[in-house]
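# Architecture at a glance
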Amino acid sequence: MGVVAGSLVVFNSQDNAKAGEAFPPAAHTGGPTAGPSARPSAPATPSAAPTASARAAGKVARYEAEINRLVNKARTEHGCAPLHRDPRLDRAARLHSQDMAAHGFYAHTAPNGKGPKERMEAQGYDDASAENIDAWPTTPKNAFDAWMHSPGHRANILACHSKATGIGVALGGKLRAYWTQDFGYK
């Protein structure tokens, strides 16, 4: 079973999604309706040494932070403001990467029919702009480079209208590593 963490991904991928897929700004109808996270929790292990799951969670957090750093560096080099991390987008991205790893699929639309916008809204974020996903790269640099060499993913990263991001990484599963970056307008 793999470990997953939050990451930002744009709605472009080498899967069934169309490159450059993005959402128009949402009409605001109310406040966030964040529900409980569906993220599985690992049982506590009494030990002085870090557990394997704690080490993996630390690695995932470092990977997510590095994707964020690389994305914001590219954005500032292209005249866009850096994205701020939004915990709701992190949760949506993290859960999607975990879902792909656990259920052996690679797509923007999950087997339950939910797409990126619905997943972000389920976490209380109602202004989704885009999503990027990737699978297989085992380092943040390789995942970032793959996105930057894909016209649609690159457009999502460099879209100055996006202001927020969430990043989710899951290690394990059929394709070894799953990367999701969600983007938002606010």
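What counts and what doesn't
- Residues numbered from 1 in each chain as written.
- Predicted model: local features only at pLDDT ≥ 70, side-chain atom pairs only at ≥ 80, totals over all residues.
- Heavy atoms only, no water.
- pLDDT = per-residue confidence, 0-100.
- Contact = heavy atoms within 4.5 Å.
- Buried < 20%, exposed > 50% of the residue type's maximum accessible area, 1.4 Å probe, protein only.
- Helix = DSSP H or I, 4+ residues; strand = E, 2+ residues; numbered from the N terminus.
- Pairing = 2+ DSSP bridges.

## Points about the confidence of the model for the chain
For the chain, the mean per-residue pLDDT works out to 81, and 74% of the residues sit at or above 70. For the stretch residues 1–21, pLDDT sits under 50, and the model shows 123 contacts to residues farther than four places along the chain or on other chains. Every residue in residues 26–47 scores below 50 in pLDDT, and together they form 28 contacts with partners more than four places removed in sequence or on other chains.

## Topic: the pairing of strand β4 (residues 164–171)
β4 sits mainly inside the fold: eight of its eight residues count as buried. Alternating positions in β4 separate into two faces, Ala164, Gly166, Gly168 and Ala170 on one and Thr165, Ile167, Val169 and Leu171 on the other, with burial throughout. As judged from the two bridges shared by strand β2 (residues 84–85) and β4, these two strands associate in the parallel manner. Looking across to β4, one finds that Arg85 is bridged to Thr165. Of the pairings in the sheet, the one linking β4 to strand β5 (residues 177–184) comprises eight bridges and is antiparallel in character. Across the sheet, residue Leu171 finds its bridge partner in β5, namely Ala177. Taking the residues that link successive antiparallel strands as the turn, the β4-β5 hairpin has five residues, and the phi of Gly172 there is positive, at about 115°.

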